[in-house]
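One letter stands for each residue in the lines below.
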Amino acid sequence: MRKFGLVLVLMVVVLVTAAWIGEVTEPAVPASAPVGAVGATGIGDPYFPDLGNGGYDVQHYTLDVDVDIATNTLDASVIINALALEDLASFSLDFAGFTITRLEVNDAPAEYIRENREFIITPNAALSANTPFTILVEYNGVPKKDLSLTRSPFSGGWTRYSKGVYVASEPDGASLWYPCNDHPLDKATYTMRIGVDQPYVVAANGTLEGIEESGGKRLYTFAVRDLTASYLVTVNIAKFTRIDEVGVVPIRNYFPEDKAFEAQFVFTETSDMIAHFGELFGEYPFELYGVVMADTPLSFALETQTLSLFGSDIADSEDATIVVAHELAHQWFGNSISPKYWRDIWLNEGFATYLSALWVEERYGAEQFEQLMRSWYRAISSPQFIRRAALVGDPGASNLFNAAVYFRGAWTLHALRLNLGDEMFFRVIRTYYDRYKLSNATTDDFIAVVDEVAGIESEDFFQAWLYEKEIPE
Ligand code: TRP
Ligand code: ZN
């Protein structure tokens, strides 16, 4: 009797402790758990301390998502193949919303806590450094549309609109629809199996491997064999027509069925653009390309990898060619070379903006190009612009997509070209591309290549263009 009483007291203590631990930031680590570190809940990005996670590297995501389009409900099963980088007692994923119905690590049930967008997991056995492990998460529900969670007005992740769904996640919307290491420092390959009701069509990154029909539903399987950052993963659902082209690389475009005729004229130059950028900087980096046009106007376009996303209003835009070239250019600068930290965003946007001007130069000639560069210079040197301008090389977390990052960033490259001459300038950019393709770079990495290849000291030049408000002559 006495003994029993003691066990009961101990159990109460354990339960109370467990409940209390459940409320603090640190994950609950059972006393019996093998030793290992608590994986960091951020990957070390100075602008976004909780984006991404530490202690492991994801190799592959398998996303199995059954979509009920009428209610926008996802019923999902995600398998993550990762490599532990240290001994881990627990680790974290980025994930928000949904009801989690099953969680396993290495095929054994695991414990978890959820806090804001951190999904903190404690496997029942510690993970060993340099050893692969598998996470299985099953969940269902309607994706959160809580924009206060996101850091960019358009980065809402999975977005339902009247005629379908698009996914645009830059910089941090991916964790609003699947659990991930949500930072470009941890790229991975993907298998996506998306189930939708007929007659909807699914357009996603990578190669369409097959379509299976069963009970009024269609299951689309996509293989994404190129390493991809989470914010560049996209799923689009609408009544699309798919139009294939044989270009420098295979091209497949998805247009809303009733807008396909007009839409295809906007994208007739894609293959020529791929060839031109390929000659200037190095071969197109991925297995295929193409675009998807959502069946709704959007105030933006996004360079989702191998399948850039546009709104239906692109067809009415005067600058359509520039926007089309811009998103394609990101496949080299932004997607193949990704920023190491979000502070380095001008390596995406300044480059893509300048490359869109380089397409104008190729297609319409030097005079049109110079006129375009002069108009951008007038814009960035006006007092109103300067007043609102962020610093190109350090725009701040809430100003990643400030116009200065785009247009002054583009002018930084043009000024470099004017200083170095065409031959040296393109040699520098080619070397930078070759060295950092399929990985990540910082602004300092780029500057180091400039100095090395051109044999100059460019520090003052970049200081003036990237880190000061006044505009150089
Ligand atoms: N990177 C996009 C471009 O090509 C702009 C952008 C920033 C964006 N954040 C986004 C687009 C979020 C869609 C969603 O300039
Ligand atoms: Zn861009």
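Draft legend 1. Spatial organisation of the packing of aromatic side chains. Applying the stated rule across the entire model yields 46 aromatic pairs. Between Tyr220 and Phe222, the aromatic rings sit 6.5 Å apart at their centres with planes inclined by 10 degrees, giving stacked as the arrangement. The buried category is assigned to Tyr220, whose relative accessible area is 4%. Aromatic side chains Tyr284 and Trp332 sit 5.4 Å apart centroid to centroid with 80 degrees between the ring planes, which places their arrangement in the edge-to-face category. Placement of the pair is Tyr284 in the loop between helix 3 (270-281) and strand 19 (291-293) and Trp332 in the loop between helix 4 (320-329) and strand 21 (337-339), with a sequence separation of 48 residues.

Draft legend 2. Representation of the environment of Phe281 within the structure. Along the polypeptide, Phe281 turns up in helix 3. Sequence spacing of Phe281 and Trp411 is 130 residues, and the spatial spacing of their C-alpha atoms is 18 Å.

Draft legend 3. Layout of the pattern of salt bridges. Per the counting criterion, the structure on display carries 18 salt bridges. A salt bridge links Glu138 to Arg102; the shortest N-O distance between them is 3.4 Å. On the criterion of sequence distance, the pair formed by Glu138 in strand 9 (residues 132-141) and Arg102 in strand 5 (residues 99-105) is long-range, its members being 36 residues apart. For Glu138, a relative accessible area of 23% gives the class partly exposed. With a shortest N-O distance of 3.2 Å, Glu423 and Arg427 are connected by a salt bridge.

Draft legend 4. Examining the coordination of the zinc ion (ligand 2) more closely. Distances from the zinc ion (ligand 2) to its protein donors, namely His326 (NE2), His330 (NE2) and Glu349 (OE), fall within the range 1.9 to 2.0 Å. In primary-sequence terms, the residues that donate to the zinc ion (ligand 2) follow H-x3-H-x18-E. Of this pair, His326 sits in helix 4 while Glu349 sits in helix 5 (residues 346-364), and the two are 23 residues apart along the sequence. In this structure, His326 and Glu349 share a single accessibility class: buried.

Draft legend 5. Spatial organisation of the sheet that holds strand 8 (residues 118-122). Reading across the sheet, the four strands line up as 1-4-8-7 and stay open at both edges, with mixed pairing between neighbours. Whereas interior strands pair on both sides, the edge strands pair on one side only; in this sheet they are strand 1 (37-38) and strand 7 (111-115). Relative to strand 4 (residues 88-94), strand 1 is paired through two bridges, and the arrangement is parallel. Bridge pairing in strand 4 links Ala37 to Leu88.

Draft legend 6. Structural detail: the sheet that holds strand 15 (residues 217-228). An order of 6-5-9-3-2-12-15-14 is seen for the eight strands of this open sheet, with the pairing classed as mixed. The two strands at the open ends of the sheet, each matched to only one other strand, are strand 6 (108-109) and strand 14 (207-214). Judged from the seven bridges that link them, strand 14 and strand 15 form a sheet pairing that is antiparallel. In the strand pairing of strand 15, Ile211 is matched with Tyr220.

Draft legend 7. Up close: the domain arrangement of the chain. Taken domain by domain, the chain consists of domain 1 (36-332) and domain 2 (338-466). Taking only C-alpha atoms into account, the centre of domain 1 sits 27 Å from that of domain 2. With both chains or domains summed, domain 1 and domain 2 bury close to 3000 Å², and 67% of this area falls on carbon and sulfur atoms. Summed over the three residues of domain 1 that lose the most area to domain 2, namely Tyr47, Phe281 and Ile322, the buried surface amounts to 24% of that side.

Draft legend 8. The nonpolar core, seen in detail. The biggest cluster of nonpolar side chains holds 83 residues, and the ones touching the most others in it are Phe281, Phe333, Tyr432 and Phe446. Among the elements that make up this core, the one with the highest residue count is helix 5 (ten residues). A domain-level breakdown of this core finds at least three residues from each of domain 1 (36-332) and domain 2 (338-466). Not counting residues within four places of it along the chain, the set of residues in contact with Phe333 comprises Phe281, Leu347, Asn348, Phe351, Leu355, Ile429, Tyr432 and Tyr433. Counting 65 residues, the second-largest nonpolar core is a separate cluster that includes Phe95, Ile121, Val167 and Val201.

Draft legend 9. Just the pairing of strand 12 (residues 188-197), in detail. Counting buried positions along strand 12 yields eight of ten residues, so the element is predominantly enclosed. Looking at chain direction, strand 2 (residues 56-68) and strand 12 are connected through seven bridges and run parallel. By the bridge assignment for strand 12, Asp64 is matched with Arg193.

The rules we used
- Residues numbered from 1 in each chain as written.
- Chains lettered and ligands numbered in written order.
- Predicted model: local features only at pLDDT ≥ 70, side-chain atom pairs only at ≥ 80, totals over all residues.
- Heavy atoms only, no water.
- Phe/Tyr/Trp six-rings, centres within 6.5 Å; stacked < 30°, edge-to-face > 60°.
- Buried < 20%, exposed > 50% of the residue type's maximum accessible area, 1.4 Å probe, protein only.
- Helix = DSSP H or I, 4+ residues; strand = E, 2+ residues; numbered from the N terminus.
- Salt bridge = Lys/Arg side-chain N within 4 Å of Asp/Glu carboxyl O.
- Donors = N, O, S within 2.8 Å, 3.2 Å for Na, K, Ca; no water.
- Pairing = 2+ DSSP bridges.
- Domains from an automatic or database assignment.
- Buried area = accessible area lost by both parts, 1.4 Å probe.
- Core = buried A, V, L, I, M, F, W, Y, C linked by side-chain atoms within 4.5 Å.
- Contact = heavy atoms within 4.5 Å.

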